[in-house]
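The primary structure of each chain is shown beneath.
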Amino acid sequence: MRLAVLGAGAVGSSVAELAADYGHSVTAYADSQSAAVDPDGIDVERAFERKETDGIVGEDDPEAALDGAYDVLVEATPTTLGDAQPGFGHVEAALQRDRHVVLANKGPVAERYADVRELERESAGTVLFEATVGGAMPVLSTIDDFDAEHITAVRGVLNGTANFILSRMGAEGLGYEHVLAEAQDLGVAEADPTFDVDGTDAALKGVIVANVLSDDGTEYTLADADVEGIQDIEGSALELAAEDGRTVRLIAEVVGGEVRVGPRLVPEHAPLAPTGTRNIVQLETEHAGRLNISGRGAGGPETASAVLADVGRLPELQ
Amino acid sequence: MSDSTDEVRSYTVRLELVDEPGALLDALEPIASNGGNLLSIFHERGNLTPRGHIPVEVDLEATPERFEGIVEALRGAGINVIQAGAERYSEAMTVVLTGHLINTDLSDTLSRIQEATNATVTDLSLSAPEGTEDASSARIRFATEQDAAQGVIDTVREVAADKELRVIEPLGPGGDL
């Protein structure tokens, strides 16, 4: 397949880098300012070098990437809330051209799921978004394989930064601020970790799962989620939990049409109490009990693997 | 899960003890020696039964068969068992509260929860590392009737919201996920 990759951050650049490995070519690569476009395949290494030295990936305008020749648009620009622009506009443009779309950007499927599905119905293209939930972990495709109808609940640790902070607080008896600073030094937390620690990022993933599970056409957005973060968790709370063989984890829960994210007490050695940045999702199935999927929930190559797995699932365009 | 009699369940036993040294220890011995696993002991000091005895509530785990043996052994040792069985408190649930617990009257918080539900506080652990004026945390275990855990959680939430406390709830009503 020919890929147009929008977004030159950790995920976009990894997709461009790994595409050849999966038997695909990159015919367009764009950041917010510039693009490299070539119907015969761009020189990915050259685009990386130019980004490094000149701050641009190529001589073309970003719009040229959207208009170029490709089979699959990989949308890996930063997640935005509300109208989910510019990501949503990119999805719209590709579907109107009857191209496929693979999303790493959570915005369009968390905030405008019904609109995306509507556009998809009118298009010959297909929209897949495995990478938006749980990074490398095959969460959405597993739900799809089991059939959403046979999944009664989904619970998980879907934010590595928050999980790292809580597990360090629990293990070392340290306070929130101290561990957050340490996480920032290690590069586990971003300079502005707001969306990770206030529960927004985990909630967006929960909302996407709720949209996929919804059997009556109910659409979910971030506004429908009940969200609590971990910023005001006292170190003493984790200590008390530990004395009782428990710990605290930021859990996203989708059950009975409700999306809820908040710190919860879980048994210390339970599957839902991973340590460090590890993510886990537990599917409660109708006929097969609980199914746990764990792995790396973030990172460039990890998330790019999920994107490329989606590309591999797409049908050939006529 | 099977319904076999080998399955360990939790039970609550209410005992009446005479106010004598060693009475509590004497009461616990038949539980341990008959294969019961003690979960918690709630000693209602200062509260006397109509007969002038001290009520004690014991939560334990045992198979149904062993539980019968325990009750028999207690009675055989001359201990007054006023209530025994799984029917009363069959679920244990733990929550952690954080915030200004002391300034907002922790004992009032607990009374309000117990009054509004049929739950009993069976264990309380408090941590106030910065002293009583600052934020502190409390781990509270409730014994609740079967299927009443959600009602207790809702009440805990209400009372906590009222006092601007933070609740860390268990995942799943029984917290066993």
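Computed from a prediction, not measured in an experiment: that's the story for all the values here.

Novice: Explain the overall build of chain A here, please?
Specialist: When you go through chain A residue by residue, the secondary structure sums to 13 helices and 12 strands. Considering only C-alpha atoms, chain A reaches an extent of 60 × 45 × 35 Å along its principal axes. Taken across its 318 residues, chain A has 57% of its residues classed as buried. In chain A, once contacts between residues fewer than 6 apart in sequence are set aside, the share between residues at least 24 apart is 66%. Surface accessibility of chain A: about 13000 Å² in total, with carbon and sulfur atoms responsible for 45%. Computed over 21 positive and 58 negative side-chain charges, the inter-centroid distance for chain A is 3 Å.

Novice: I keep staring at the interface of chain A and chain B and nothing clicks. Help me out?
Specialist: As a measure of interface size, the accessible area lost when the parts come together is often cited. Taken residue by residue, the interface counts 25 residues in chain A and 23 residues in chain B. Scanning the region where chain A abuts chain B turns up six salt bridges. Notably, a salt bridge pairs Glu169(B) with Arg260(A), separated by 2.7 Å at the nearest N-O pair. Where chain A packs against chain B, one counts 11 residue pairs in polar contact (both at pLDDT 80 or more). Of all the elements, strand E10 (residues 258-267) of chain A adds the most residues to the side of chain A that touches chain B, at six residues. Residue composition of the side of chain A that touches chain B, by class: 11 nonpolar, two polar and 12 charged. Both E10(A) and strand E8 (residues 166-170) of chain B contribute to a ladder of two bridges, which runs parallel. By the bridge assignment for E8(B), Arg264(A) is matched with Glu169(B).

Novice: Looking at this structure, I do not really get the nonpolar core. What am I missing?
Specialist: Soluble globular proteins tend to pack their nonpolar side chains together in the buried interior. Residues and elements named next belong to chain A. In terms of nonpolar packing, the biggest core is built from 72 residues, with Phe129, Ile143, Val154, Ile165 and Ile230 touching the most fellow members. The greatest single-element share of this core, amounting to nine residues, is contributed by helix H11 (residues 200-213). Once residues within four sequence positions are removed from consideration, Ile165 is found in contact with Tyr176, Val179, Leu180, Ala183, Val197 and Ile230. Of all hydrophobic cores here, the second largest spans 29 residues; its members include Ile42, Val72, Ala104 and Ala306.

Novice: Sorry, what's going on with helix H7 (residues 139-146) of chain A here?
Specialist: What sets the pattern is the α-helix's 3.6 residues per turn: residues three or four places apart point alike. Residue and element names in this part refer to chain A. Among the residues of H7, those classed as buried are Val139, Leu140, Ser141, Thr142 and Ile143. Buried residues in H7 make contact with strand E7 (151-157), H11, strand E11 (278-285), strand E12 (289-296) and helix H13 (300-313). Immediately beyond the C-terminal end of H7, within one or two residues, lies Asp147, with a positive phi of roughly 80°.

Novice: Help me understand the sheet that holds strand E3 (residues 35-37) of chain A, please; the structure alone is not making it clear to me.
Specialist: Strands in a sheet are paired, the pairing made by backbone hydrogen bonds, and the direction either parallel or antiparallel. Residue and element names in this part refer to chain A. An order of E3-E2-E1-E4-E5-E6 is seen for the six strands of this open sheet, with the pairing classed as mixed. Looking at the sheet topology across the chains shown, the edges are occupied by E3 and strand E6 (127-128). Summarising the sheet, strand E5 (residues 100-103) and E6 pair through two bridges and their orientation is parallel. If you follow Val102 over to E6, its bridge partner there is Leu128. Each of strand E1 (2-6), strand E2 (25-30) and strand E4 (72-75) is contacted by helix H1 (residues 10-18), which is oriented at about 155° to E2, the strand it contacts most. Against the sheet, H13 makes contact with E1, E4, E5 and E6, and its axis sits at roughly 155° relative to E5, the strand it touches most.

Novice: Please clarify how the side chain of Thr285(A) should be interpreted in this entry.
Specialist: Residue and element names in this part refer to chain A. Note on placement: Thr285 falls in strand E11. On the basis of relative accessible area, Thr285 is assigned to the buried category, the value being 7%. Among the polar contacts made by the side chain of Thr285, one reaches the main-chain amide nitrogen of Ala288 at a distance of 2.9 Å. Polar contacts involving the side chain of Thr285 include one to the main-chain carbonyl oxygen of Gly289, which spans 2.7 Å. When residues no more than four places from it in sequence are discounted, the contact partners of Thr285 are Phe146, His150, Ile151 and Thr152.

Novice: Please clarify how the packing of aromatic side chains should be interpreted in this entry.
Specialist: Two aromatic rings are characterised by how far apart their centres lie and by the angle between their planes. Residue and element names in this part refer to chain A. A complete count under the given rule lists three aromatic pairs over all chains for this structure. Both rings, one in Tyr29 and one in Phe48, keep their centres 5.8 Å apart while their planes meet at 70°; by these two values the pair is edge-to-face. Taken together, the positions of Tyr29 in strand E2 and Phe48 in helix H2 (residues 44-54) put the pair 19 residues apart, joining distant regions of the chain. A single burial state applies to Tyr29 and to Phe48, both of which are buried.

Novice: Teacher, can you tell me more about a negative patch on the surface here?
Specialist: All names here are of chain A. Together, Asp144, Asp145, Asp147, Glu149, Asp215, Asp216 and Glu286 make up a region of like negative charge exposed at the surface. With respect to the secondary-structure elements, Glu286 resides in the loop between E11 and E12. The partly exposed category is assigned to Glu286, whose relative accessible area is 45%.

Novice: Hey, could you run me through the side chain of Arg99(A) in this one?
Specialist: All names here are of chain A. Assignment of secondary structure puts Arg99 in the loop between helix H4 (87-96) and E5. Reaching out from Arg99, the side chain makes a polar contact with the backbone oxygen of Arg97 at a distance of 3.3 Å. For Arg99, the residues in contact, after removing those within four places along its chain, are Arg2, Tyr70, Asp71, Ala94, Ser123, Gly125, Thr126 and Leu317.

Novice: What exactly am I supposed to notice about the environment of Pro30(B) here?
Specialist: Residue and element names in this part refer to chain B. Note that Pro30 resides in helix H1 (residues 23-33). With a relative accessible area of 6%, Pro30 lands in the buried category. Along the backbone, Pro30 and Ala77 are 47 residues apart, and their C-alpha atoms lie at a distance of 8.0 Å. With residues near it in sequence (within four places) discarded, Pro30 still touches Ile70, Ala73 and Leu74.

Novice: I tried to follow the packing of H4(A) against helix H6 (residues 113-121) of chain A on my own but got confused; where do I start?
Specialist: The description of two packed helices rests on the angle between their axes and on the distance between the axes. All names here are of chain A. Relative orientation of the contacting elements H4 and H6 amounts to 15°, with a least axis distance of 9 Å. For the element pair H4 / H6, the angle class is roughly parallel. Judged by the twist between their axes, the crossing of H4 over H6 is right-handed. Taking contact as the criterion, the partners of Phe88, Val91, Glu92, Leu95 and Gln96 in H4 are, on H6, Asp115, Val116, Leu119 and Glu120. Here the contact of H4 with H6 is built from residues that sort into five nonpolar, one polar and three charged.

Criteria and thresholds
- Residues numbered from 1 in each chain as written.
- Chains lettered and ligands numbered in written order.
- Predicted model: local features only at pLDDT ≥ 70, side-chain atom pairs only at ≥ 80, totals over all residues.
- Heavy atoms only, no water.
- Helix = DSSP H or I, 4+ residues; strand = E, 2+ residues; numbered from the N terminus.
- Buried < 20%, exposed > 50% of the residue type's maximum accessible area, 1.4 Å probe, protein only.
- Contact = heavy atoms within 4.5 Å.
- Areas by Shrake-Rupley, 256 points an atom, 1.4 Å probe, with all protein chains shown as cover.
- Lys, Arg positive; Asp, Glu negative; His and termini not counted.
- Charge placed at Lys NZ, Arg CZ, Asp CG, Glu CD.
- Salt bridge = Lys/Arg side-chain N within 4 Å of Asp/Glu carboxyl O.
- Polar contact = N/O pair within 3.5 Å; in protein donor to acceptor, adjacent residues only side chain to side chain.
- Nonpolar A, V, L, I, M, F, W, Y, C, P; charged D, E, K, R; others polar.
- Pairing = 2+ DSSP bridges.
- Core = buried A, V, L, I, M, F, W, Y, C linked by side-chain atoms within 4.5 Å.
- Axes fitted to C-alpha atoms, helices over the stretch in contact; angles between N-to-C directions.
- Phe/Tyr/Trp six-rings, centres within 6.5 Å; stacked < 30°, edge-to-face > 60°.
- Patch = residues over 30% accessible without salt bridge, like charges linked within 9 Å, V, L, I, M, F, W, Y side chains within 5 Å.
- Parallel < 35°, antiparallel > 145°, perpendicular 65-115°, else oblique.
- Left-handed = near helix turned anticlockwise from the far one by under 90°.

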